[in-house]
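Report on the structure
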Amino acid sequence: MSSPCHTSAVLLVFMALAVGVGAEQPKERSCDVIGDESSESQMERALLKKLEPLSEMRFNVTVEKGKTENYIYHFRVCREVNSTLHDFGGLVQTDRQNGRTTVIGRINETQVFNGSDWIMLIYKGGDSYGRHCSGEKRRAVIMISCKRGVTASSFSIISEEREKEQDCFYLFEMDSSVACPAEDSHLSVGSILLITFASLIAVYIIGGFLYQRLVVGAKGMEQFPHFAFWQDLGNLVADGCDFVCRSKPRNAPAAYRGVGDDQLGEESEERDDHLLPM
């Protein structure tokens, strides 16, 4: 290949790379709390961050009511169900009979709050009702309850409230560990100190044993670290206990004599006498 052709090929490669970088997929939209950004509270931001582990998951539930209502509900946490439509739809209803889709709630009109073991996520700004609820816009309410050890499960629809004049809603629920409060440590200060002390003792014994055996070359009980010191200490403790805990002096005579002591003494003398020669 000639030099001009080689140069042209290199330029084409760089142009292709540049086009590839430019065509990189845009980042998916996330929840936008209702109101100005300056009015968002720290609690709302913290809750949205807490829900982030669920954002890559998709949830579906099918509802069939007779022959007239047969729907599939698609839900994502703080993400669009279909990002190619750019409709902000976070919870979408699909009619299985005719394929028509209806946005129940949008992520750009989000409310979020919580309790001790639950998080309530609300998507407002859905498609308008037709014959119900004075034609207001739909909204989805998702109750996320605490369930430890489960990232997310049991997504289901509870009810649809559409018989009112206003404030109608779809109610969903699901379980997730993200709604659980942080577990407090059950260890007291004394327990922590005890564990620390036990760990230090274990390190002292194991480390000292290895040092005595591998470096000093000790054998038998001499492998125990500072064996002579602990032996002397044990003797001193034993002497102290003996001195403090004894109820009488060491050289005190016995307080009683065994039964039959006198008889045993006399019997022994008689036995000696009959052995003497006549």
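Overview of the structure. (Residues numbered from 1 in each chain as written. Predicted model: local features only at pLDDT ≥ 70, side-chain atom pairs only at ≥ 80, totals over all residues. Heavy atoms only, no water.)

Taken in spatial order, the eight strands make up an open sheet running E1-E2-E3-E4-E5-E6-E8-E7, and their pairing is mixed. The open sheet has two edge strands with one neighbour each: strand E1 (58-65) and strand E7 (153-161). Averaged over all pairs of adjacent strands, the angle between their axes in this sheet comes to 25 degrees, without regard to strand direction. In the packing of helix H2 (residues 42-50) onto the sheet, the strands contacted are strand E4 (101-114) and strand E5 (118-125), and the crossing angle to E4 comes to about 120 degrees. (Pairing = 2+ DSSP bridges. Helix = DSSP H or I, 4+ residues; strand = E, 2+ residues; numbered from the N terminus. Axes fitted to C-alpha atoms, helices over the stretch in contact; angles between N-to-C directions. Contact = heavy atoms within 4.5 Å.)

A few words on the pattern of salt bridges. Per the stated rule, a full pass over the model turns up six salt bridges. For Arg106, the salt bridge is made with Asp127, and the minimal N-O distance between the two is 3.2 Å. Note that Arg106 is positioned in strand E4 and Asp127 in the loop between E5 and strand E6 (140-146), a separation of 21 residues in sequence. (Salt bridge = Lys/Arg side-chain N within 4 Å of Asp/Glu carboxyl O.)

Turning our eyes to something else, we now look at helix H3 (residues 189-216). If you check H3, its first and last C-alpha atoms are 38 Å apart, about what 28 residues at 1.5 Å a residue would give, namely 40 Å. Gly217 lies just past H3 and shows a positive phi near 85 degrees. (Expected span 1.5 Å × (residues − 1).)

On to the side chain of Arg79, then. The topology assignment puts Arg79 in the loop between strand E2 (69-76) and strand E3 (89-95). Judged by its relative accessible area of 8%, Arg79 falls in the buried class. Engagement of the side chain of Arg79 in a polar contact is seen with the side chain of Glu52, the distance being 3.4 Å. Beyond its immediate chain neighbours, meaning those up to four positions away, Arg79 contacts Glu28, Arg29, Ser30, Glu52, Ser55, Gly89, Gly90 and Ile107. (Buried < 20%, exposed > 50% of the residue type's maximum accessible area, 1.4 Å probe, protein only. Polar contact = N/O pair within 3.5 Å; in protein donor to acceptor, adjacent residues only side chain to side chain.)

Limitation: the analysis is restricted to geometry and does not speak to function.
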